[in-house]
Structures are given as structure tokens and as C-alpha cells.
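Examining the three-dimensional arrangement
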Amino acid sequence: MKPPKIVQGILGENLTLEWQFSLVSADENFDYFALFRNGDDMIKYSNDGSLVIYSDFIGLVGMARNGTPAFTLLNLQLNDENAQFCCKVGTKRTRASHGNLHRDCVTLKLLGQT
């Protein structure tokens, strides 16, 4: 499950974006979830339970710690119009030195904006 390529939000309201990714093999584990806005790091949740909200986005983004990448954009602003939000999921394999990266993006449209 992932959001549609274009999501709609309301100025001043919150919006939750949620993705679900499938692991490709039994020896693969989630390493981290991260959300980017127009290429800038917003928030990163690591498998060890650590959560980092990057300084430019404190108070503008949150995350539900429910095992899936579910990010909440807080108090949508005019500059969020047409912004691209990308979720990146990193995985690790227990029997290999590398994992996989999964990435998916959506564009935000504010309702009532022209």
C-alpha cells in the first residue's frame, strides 16, 4: 500500500502519508524509514528505535511508530503546495553485507489553492 502519486491536503491541517513495503526474502530486515521533502531530509526512524527530526522540520512532521512508514505532515503551509515527499526504506540482509533501498514519492496539492 502506498499513497496515490498526487495527494490532497488542506492548508493549516495535518496530513498522514503511509506506505507499506514487502521484504523480498526471509533474511531481510527493515533498517530505517526516512521521509524527504523536495530532496531534503525531514525525519528518519531507525530499527534501533531512534528517531531524528531534522532541524528545518521540527514541528512540521511526526511519525507513528507502528512498524510502517506513517508520517504526519503538521499544519500544512502554502510552501507545501506541489512539494514532493519521498519515503525511503532501507533494509539489511542477515547473510549479506548489503541490503536494499525502496523509494516512492508523492506530490502534495493543497485544496482550494490555484
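Before going into details, it helps to say that this report is about the structure given with it. (Residues numbered from 1 in each chain as written. Predicted model: local features only at pLDDT ≥ 70, side-chain atom pairs only at ≥ 80, totals over all residues. Heavy atoms only, no water.)

**Considerations on the pairing of strand 7 (residues 69-73)**
By the criterion of burial, strand 7 is predominantly enclosed, with 5 of the 5 residues buried. Here strand 7 shows a buried face lined by Pro69, Phe71 and Leu73 and a second buried face lined by Ala70 and Thr72. Here strand 2 (residues 15-18) pairs with strand 7 via 4 bridges, running antiparallel. Paired with Leu15 across the bridge in strand 7 is Leu73. Pairing analysis gives 5 bridges linking strand 6 (residues 61-65) to strand 7, with the strands arranged antiparallel. What sits directly across from Val61, in strand 7, is Leu73. (Buried < 20%, exposed > 50% of the residue type's maximum accessible area, 1.4 Å probe, protein only. Helix = DSSP H or I, 4+ residues; strand = E, 2+ residues; numbered from the N terminus. Pairing = 2+ DSSP bridges.)

**Things to note about the pattern of salt bridges**
Summed over the entire model, instances satisfying the criterion amount to 3 salt bridges. Between Lys5 and Asp104 there is a salt bridge, and its shortest N-O distance comes to 2.9 Å. A residue pair is termed long-range when its members are at least 10 positions apart, and Lys5 in the segment before strand 1 (6-9) and Asp104 in strand 9 (residues 101-110) qualify at 99 residues. Owing to a relative accessible area of 53%, Lys5 belongs among the exposed residues under this scheme. Across the salt bridge formed by Asp80 and Arg37, the nearest N and O atoms sit 3.2 Å from each other. In this pair, Asp80 sits in the loop between strand 7 and strand 8 (84-93) while Arg37 sits in strand 3 (residues 28-37), placing the two residues 43 residues apart along the sequence. You'll find Asp80 and Arg37 in the same group, each marked buried. (Salt bridge = Lys/Arg side-chain N within 4 Å of Asp/Glu carboxyl O.)

**Quick look at unusual backbone geometry**
Its identity as a non-glycine residue notwithstanding, Asn75 has a phi of 50°, on the positive side. Position of Asn75 among the secondary structure elements: in the loop between strand 7 and strand 8. Taking the relative accessible area as the measure of exposure, Asn75 reaches 38% and is therefore partly exposed. If you check the backbone angles, Asn82 has positive phi at about 65° while not being a glycine. Its place among the elements puts Asn82 in the loop between strand 7 and strand 8. For Asn82, a relative accessible area of 43% corresponds to the partly exposed category.

**Some points on the environment of Gly90**
Structurally, Gly90 can be placed in strand 8. Exposure remark for Gly90: the relative accessible area of 2% places this residue in the buried category. As for Gly90 and Thr16, which are separated by 74 residues in sequence, their C-alpha atoms are 21 Å apart. For Gly90, the residues in contact, after removing those within four places along its chain, are Asn29, Phe30, Asp31, Tyr32, Asn100 and Leu101. (Contact = heavy atoms within 4.5 Å.)

The analysis is restricted to geometry; functional conclusions fall outside its scope.
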